[in-house]
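So you can see what is in the structure, the chains are spelled out below.
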Amino acid sequence: MLDPQIVFAALLNGLTQGAVYALVALGLTLIYGVLHIINFAHGALLMAALYGVFFLNARFGVDPYAALPVMVPAMFALGYGLQRFVIGRARHGRDENVLLVTLGLAIVLENAALAAFKSDTRTIETAYTFSTVNVAGAMIAVPKAVAFLGAVAAAALMLLLVSRTDLGRAIRAVAKEPQGARLVGIDVEHVFAVSFGIGLACLGAAACFLLPAYYVNPQVGNGFVLIAITIVVLGGMGSFAGALAGGLIVGVIESLGGLWLGESLGQIGIFLAFIGILLFRPQGLFGASVGKSGRA
Amino acid sequence: MLELRSLSVRFGGVQALADVSLSVASGGIAALIGPNGAGKSTLFGVVSGFLAPDSGTVRFLGEDVTGLAPHRLCRSGLARTFQIVQPFASQTVRENIAVGAHLARASRREALAHAESVAERVGLAPQLDKLAAALTVAGRKRLELARALATGPRLLLLDEVLAGLNPQELAAMLPVVRGIRDAGVTVLMVEHVMQAVMNLADRVLVLNEGRLIADGTPAQIAEDGRVIEAYLGRRAAEAAHA
Amino acid sequence: MRELAGIAAFALAAALLPAFVTSGFALNLAIMVLYSTLLGQAWNLLAGFGGQYSFGHALFFGTGAYAAAALQVHLGWNAWLALPAAVACGAASGVLVGALSFRYGLRGSYFALVTLAFAEVFRILANSVAFTGGGVGLLLPLEESAAAMQFAGKPGFLYLILALVLAGFLLCWWLKRSRFGAWLAAVRDNEESAAALGVDVFRVKLAAIAMSAALMAAGGVFYVQYFHYIDPHLAYGPAVSVEALLGPIVGGLGTVFGPLLGAAVLQALGELTRNLAGDVPGASLVAYGVALVAMVMFLPRGVAGLLARRGA
């Protein structure tokens, strides 16, 4: 039996990591919910954002948290442009095309990073990198505590945006009924691009919160794609609250799995949970029940 | 041939079928009618194995087939069509019908040949090499019928094969259905087009709010006050009897 | 019959290649095109013919590769015996995944994701257990002889992969003219209709995933024999799954020759970008990715669509 104190610390660690996962997944679930596409370039775009934060810090001495007002709009603009001028135009009404294009984008981004920055793993050092706070007896690294609070705040902000603003109403209308939204005069292409932009803006924020306690290399995004997809499915595809809860759950599963099974085998818990959810509750833990359906 | 005993199905709070018992004898055309939401499609779903009933039994050719999967029911001689036609859109009419024909024929050549002869029976012969997606509504209804027929059924469930047809198409379809009966296939059809029901069926069953409320010849049903009430409301029923 | 003639002509041309081309580079390119074709055929069988899109075909590839390697390394089996055993293991992994996901009616992106997750689970397991060599992987003992399926020259490997690709072609050709193929196409187009016409949807899908997985596992065996080495990332990583689906989508889904066409185009594109970009790591793949995106933007129906339009 493990010391409860250690388990508690692992739990907190899992929650902090999970909050960042949730932020990444939130972007993915928004894109899925509105455009009904799985953005396979999501991880690569997170990697690009991490490099952005890294160079702002290395070249201009910008603190990662102070980079937020730069990274969030920059990623939004990138996302808007990508959807409007590349992904949207390549779709041609076939989902396989979106798969190919986002895979292609991932290949481009990853290898551009490899060509430009080599495969070195880079980290940054800030005054608070190694400071810790005491949470009910468990020592938590300050960057992780900040990441947790920041990710939760960003998620809350996004929820407000989508539920309370005119833009949010347009997004929800397009998500539900794109043809109908077009008929009532909503510029659907614009809303698609804005949604994609917001999805990437989440990555910009996630990168700022992540980097002080993390690292960046050209492959860093790969690990995140699968985890983010897992969270999106876990939370019910397209559900914000689900993504937030799913992120926290996955963070905790990973952390506790690592504690009991060791670093490399620990991740298996996530995917087993993922398979279980897909098989037994494909609408996600928090999605509405699909009810009685025919056997086909 | 087909015997239902106390079938009940609930969807959440809605009682789609409530204690329905009925039997269909071999030969002839029986029609199942009733207002929207009466439970006709649910009944077809249960009989063809796409839905499991909450209680009750389905017997087909003397065997208990309750809860049997659709493909096994089809193999034992019970075929159905769908109200919303579901062709294999990327395949030709011939290939579509051949899928049904393959049930009893392993050889591709024989199945395709049989598809051709079935197409002739339902009047699809000129369109054998067309893509199913390119057919008109009437054509798709015929295709739906042809595929089911190609499986060589003893009992054929037709789910609104006449709906959405214009008067000429309707008139052309009636002899096709009669021809199926004359070939010895028992037909049970859900139908909204009353004129066609009265014309085709030798027996009419009426469902309302999940219950069987009437069962008789078309002439008897046309006179039945409960049926008129179910369709038109109480006032109309009273007027009819006044 | 035209397709059969096409397959025969292709087989003849490929078989005669070593008689005219001796350059190791060119033969290697031909081998890689065929290898990529095999992976594409495997994926195409399930996705193009059966409508079940998998993102985790690496699962079957890796299982075949590890089975072949482990049987030779740990148990001292001959490679020619290990090949059918490994293919059977791959098919079994296909049946396992298929039985679980099809039993619960998973379709569309849910099926894609569950295959992806299974591949990840196997990657993590392969990293952690002893008989796969953990993260270090398995190295095949070098024994250059046809008896050990480690040919001294490229032509031997060319004939080996050609034989496997031919098996894939004949399987697809058979699908186009058999009852099973008709059932599979029916399931792809509309599961409900298929079931109503007496098709056992579950078993048809299960058989299809088993065949697809068997071909993919054969690809894994070839990989091990050609490169003598396998590790968890090579075996179960997403790169193989992507390679398997890229070719058929580019070349034409659900067609007999699509995977070959796609593999040829993508390999040529890869070579071209490697030559243009030179030695900077990653640069060639950037060009490759850009070309891929551009191809989808401007050739939405794939290369096959372009050919069809020209031919019409």
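The rules behind these values
Residues numbered from 1 in each chain as written. Chains lettered and ligands numbered in written order. Predicted model: local features only at pLDDT ≥ 70, side-chain atom pairs only at ≥ 80, totals over all residues. Helix = DSSP H or I, 4+ residues; strand = E, 2+ residues; numbered from the N terminus. Rg over C-alpha atoms; globule rule 2.2 N^0.38 Å. Buried ≥ 20, exposed ≤ 12 C-beta atoms within 10 Å, placed from the backbone. Contact = placed C-beta atoms within 7 Å. Axes fitted to C-alpha atoms, helices over the stretch in contact; angles between N-to-C directions. Left-handed = near helix turned anticlockwise from the far one by under 90°. Nonpolar A, V, L, I, M, F, W, Y, C, P; charged D, E, K, R; others polar. pLDDT = per-residue confidence, 0-100. Expected span 1.5 Å × (residues − 1).

Undergrad: Residue-level account of the overall build of chain C, with values.
TA: Check the secondary structure of chain C and you find 14 helices and two strands. At 19 Å, chain C has a C-alpha radius of gyration in line with the 20 Å of a compact globule built from 312 residues. Of all 312 residues assigned to chain C, the portion counted as buried reaches 56%. Taking all contacts inside chain C whose residues are at least 6 apart in sequence as the whole, residues at least 24 apart take part in 75%.

Undergrad: Now, about the overall build of chain A: what can you tell me, with residues and values included?
TA: When you go through chain A residue by residue, the secondary structure sums to twelve helices and two strands. Secondary structure elements in chain A, listed N-terminal to C-terminal, are α-α-α-α-β-β-α-α-α-α-α-α-α-α. Against the 2.2 N^0.38 benchmark of 19 Å for 296 residues, chain A shows a C-alpha radius of gyration of 19 Å, consistent with a compact globule. Overall, chain A is about 60 × 50 × 35 Å in size when its C-alpha atoms are taken along their principal axes. Going through the 296 residues of chain A one by one, you find that 53% of them count as buried. Contacts in chain A between residues far apart in sequence, at least 24 positions, make up 77% of those at least 6 positions apart.

Undergrad: If you had to explain the packing of helix α1 (residues 4-35) of chain A against helix α5 (residues 142-164) of chain A to someone new, which residues and values would you point to?
TA: Residue and element names in this part refer to chain A. Interhelical geometry of α1 versus α5 gives an angle of 35° and a closest axis separation of 8 Å. The two elements α1 and α5 meet at a crossing, and its hand is left-handed. Along its contact with α1, which presents N13, L15, T16, A19, V20, A22, L23 and L26, the element α5 presents K144, A145, A147, F148, A151, V152, A154, A155 and M158. Here the contact of α1 with α5 is built from residues that sort into 14 nonpolar, two polar and one charged.

Undergrad: Describe the interface of chain C and chain B, with residues and values.
TA: Taken together, the contact between chain C and chain B spans 19 residues of the former and 23 residues of the latter. Those elements giving two or more residues to the side of chain C that touches chain B turn out to be α7 (179-189) and α8 (191-196) of chain C. The element contributing the most residues to the side of chain C that touches chain B is α7 of chain C, with six residues. Residues that form the side of chain C that touches chain B fall into these classes: ten nonpolar, four polar and five charged.

Undergrad: Please give an account of the interface of chain C and chain A that cites residues and values.
TA: Listed by partner, the interface residues are 35 residues for chain C and 34 residues for chain A. Only α4 (79-103), α5 (108-128), α8, α11 (238-251) and α13 (283-298) of chain C provide two or more residues apiece to the side of chain C that touches chain A. Taken together, the residues that form the side of chain C that touches chain A break down as 26 nonpolar, six polar and three charged.

Undergrad: Could you give an account of the confidence of the model for chain C, naming the residues involved and the relevant values?
TA: In low-pLDDT regions, the fine details of the predicted coordinates are not to be read closely. Residues and elements named next belong to chain C. On average, residues of chain C score 89 in pLDDT, and 96% of them reach the 70 mark or higher. Averaged pLDDT values for the elements of chain C fall to 57 in helix α14 (residues 302-311) and rise to 97 in helix α9 (residues 201-227). In the predicted complex, the global pTM is 0.86; the interface-specific ipTM is 0.89.

Undergrad: Give a description of helix α2 (residues 42-60) of chain A that names residues and reports values.
TA: Note: α-helices contain 3.6 residues per turn, so residues at a spacing of three or four share the same orientation. All names here are of chain A. With 19 residues, α2 should cover 27 Å at 1.5 Å per step; its first-to-last C-alpha distance of 26 Å lies within 8% of that length. Counting buried positions along α2 yields 14 of 19 residues, so the element is predominantly enclosed. Count one or two residues on from α2 and you reach G61, which has phi positive near 65°.

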